[in-house]
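Descriptive analysis of the structure
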Amino acid sequence: SGDGDYADADVLALPGGGYRMYVGYMGDHSIVSFFSEDGLYWVRESGSRIGNGAFPDAVLLPDGRVRIYYQGPGVIQSAVSSDGGITFTLEPGIRVDRGWHGDIDPDNVGAPTTVRLADGRYRMYYRAGDEDDRWMNRLKSVILSAISEDGLSFLPEQGVRVAPRDWIDPMAP
């Protein structure tokens, strides 16, 4: 694989030591992983972790399992692993759906980043888009957030977290 075949890395510190990096593999639109003992030298692990996904966001759960949130077909989905983050099982349902915010996110949501809060809840920040040819990547994007008690059922939080300045003028530098 060439140097340009990977995108959108997310690194997870493993409880037993070492690091696992999940990345989108552009070759077949899957999520693959690399392992490192020291965070400097990385070795690609064989196979793929998740097919037809992008923008991996790995979270270590309190019970030791690994959950990956990822961008599926216009929505955010998740999969869970009980073997340290190698073999994943798709979790039924959608974590974050498009259209929760009306005309702000009608076409797609993706690129999640999830944090576990001090009270045990999960907050996910994600990109929401309205497809429009005037914007970069033909997508008028903002960052929104959702909250969850269990990491599976998310509820949208009101308001826009980040609205890029060129949201006002599509031709702004």
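**Some points on the sheet that holds strand β6 (residues 66-71)**
Pairing is antiparallel across the open sheet formed by four strands, whose spatial order is β5-β6-β7-β8. This sheet does not close on itself; its edge strands, each paired only once, are β5 (54-60) and β8 (89-90). Two elements, strand β7 (residues 76-81) and β8, share two bridges in a ladder whose sense is antiparallel. Bridging from a neighbouring strand, valine 80 pairs with threonine 89 of β8.

**A word on the packing of aromatic side chains**
Evaluation of the coordinates by the stated rule reveals four aromatic pairs. Judged by centre distance (5.8 Å) and plane angle (85 degrees), the ring pair of tyrosine 69 and phenylalanine 154 falls under edge-to-face. Of this pair, tyrosine 69 sits in strand β6 while phenylalanine 154 sits in strand β12 (residues 154-156), and the two are 85 residues apart along the sequence. Residues tyrosine 69 and phenylalanine 154 agree in their burial class; the two are buried.

**Here's the deal with the layout of surface pockets**
Estimates place the volume of the second largest pocket at around 220 Å³. Secondary-structure elements contributing two or more residues to the lining of the second largest pocket are β1 (6-13), β2 (19-25) and β5. Looking at side-chain class alone, the lining of the second largest pocket contains six nonpolar, seven polar and one charged residues.

**A word on the pattern of salt bridges**
Under the counting rule described, the total for this entry stands at five salt bridges. The salt bridge involving glutamate 91 is made with arginine 67; its shortest N-O contact spans 2.8 Å. Here the residue glutamate 91 occupies a position in the loop between β8 and β9 (108-116), and arginine 67 occupies one in strand β6, the gap between them amounting to 24 residues. With relative accessibility at 3%, the residue arginine 67 sits in the buried group. Taking the shortest distance from any N to any O, the salt bridge between arginine 121 and aspartate 119 comes out at 2.8 Å. Taking relative accessible area as the criterion, arginine 121 reaches 25% and is therefore assigned partly exposed. Accessibility expressed as a relative area gives 51% for aspartate 119, which makes it exposed.

**A few points about the pairing of β1**
Bridge count for β1 against β2 is six bridges, and the pairing is antiparallel. Bridge pairing links alanine 13 to tyrosine 19 in β2. Taken together, β1 and the strand that follows it, β2, pair antiparallel across an intervening segment of five residues, in which glycine 17 is found at a positive phi of about 105 degrees.

**Here we look at the confidence of the model for the chain**
Overall, the prediction assigns the chain a mean pLDDT of 88, with 86% of residues at 70 or greater. β7 holds the highest mean pLDDT among the elements of the chain, 98, whereas strand β11 (residues 139-148) holds the lowest, 86.

**Description of the side chain of serine 148**
Here serine 148 is to be found in strand β11. A distance of 3.5 Å separates a polar side-chain atom of serine 148 from the backbone nitrogen of leucine 152. With residues near it in sequence (within four places) discarded, serine 148 still touches Arg121, Tyr122, Ser153 and Phe154.

**Overview of the sheet that holds β2**
Reading across from one edge, β1-β2-β3-β4 is the order of the four strands in this open sheet, with antiparallel pairing throughout. Two strands close off the open sheet at either side, each with one partner strand: β1 and β4 (43-44).

**Comments concerning the nonpolar core**
What tends to happen in soluble globular proteins is that the nonpolar side chains get buried as a cluster. Formed by 15 residues in total, the largest nonpolar core has its most connected members in Ile76, Val96, Met124, Tyr126 and Phe154. If you list the elements that add at least two residues to this core, you get β7, β10 (122-131) and β11. Element by element, the count of residues in this core is highest for β10, at four residues. Beyond its immediate chain neighbours, meaning those up to four positions away, isoleucine 76 contacts Tyr69, Tyr70, Ile94, Arg95, Val96, Val109, Gly110, Pro112, Met124 and Tyr126. Of all hydrophobic cores here, the second largest spans 11 residues; its members include Val66, Ile68, Tyr70 and Phe88.

Procedures and definitions
- Within every chain, residues take consecutive numbers counted from 1 along the sequence as written.
- Given that the model is predicted, a residue must reach a pLDDT of at least 70 before its local features are reported, and side-chain atom pairs must reach 80 or more before they are shown or counted; all residues, however, enter totals for whole chains, interfaces and linings.
- With hydrogens and water stripped out, all remaining heavy atoms of the structure feed into the side-chain values.
- Strands are labelled as partners when DSSP assigns at least two bridges between them.
- Helix numbering and strand numbering both begin at the N terminus, where a helix is a DSSP run of H or I of at least 4 residues and a strand a DSSP run of E of at least 2.
- Centres within 6.5 Å are what make two rings of Phe, Tyr or Trp a pair, Trp counting through its six-membered ring; a difference in plane orientation under 30 degrees is then read as stacked, over 60 as edge-to-face, and the rest as tilted.
- Only protein chains enter the accessibility calculation, which uses a 1.4 Å probe; a residue is then buried when its area is under 20% of its type maximum, exposed when over 50%, and partly exposed in between.
- Here the term cavity refers to a set of points on a 1 Å grid, laid over the protein atoms alone, in which a 1.4 Å probe fits but cannot get out; the term pocket refers to an open set having protein on both sides within 12 Å along at least five of seven lines, with lining residues being those that place an atom within 4 Å of a point.
- Grid points are joined across faces, edges and corners, and a volume is the space filled by probe spheres set on the points.
- Charged means Asp, Glu, Lys or Arg here, nonpolar means Ala, Val, Leu, Ile, Met, Phe, Trp, Tyr, Cys or Pro, and polar covers whatever is left, Gly included.
- Salt bridge, as applied in this entry: a Lys or Arg side-chain nitrogen positioned within 4 Å of an Asp or Glu carboxyl oxygen.
- pLDDT is a residue-level measure of predictor confidence that goes from 0 to 100.
- What qualifies as a polar contact is a pair of N or O atoms within 3.5 Å, subject to a donor-acceptor requirement within protein and to the restriction that residues adjacent in sequence count only when both atoms come from side chains.
- What makes two residues a contact is simply this: any of their non-hydrogen atoms within 4.5 Å.
- Grouping buried Ala, Val, Leu, Ile, Met, Phe, Trp, Tyr and Cys residues that are joined through side-chain atoms within 4.5 Å yields what is termed a nonpolar core.

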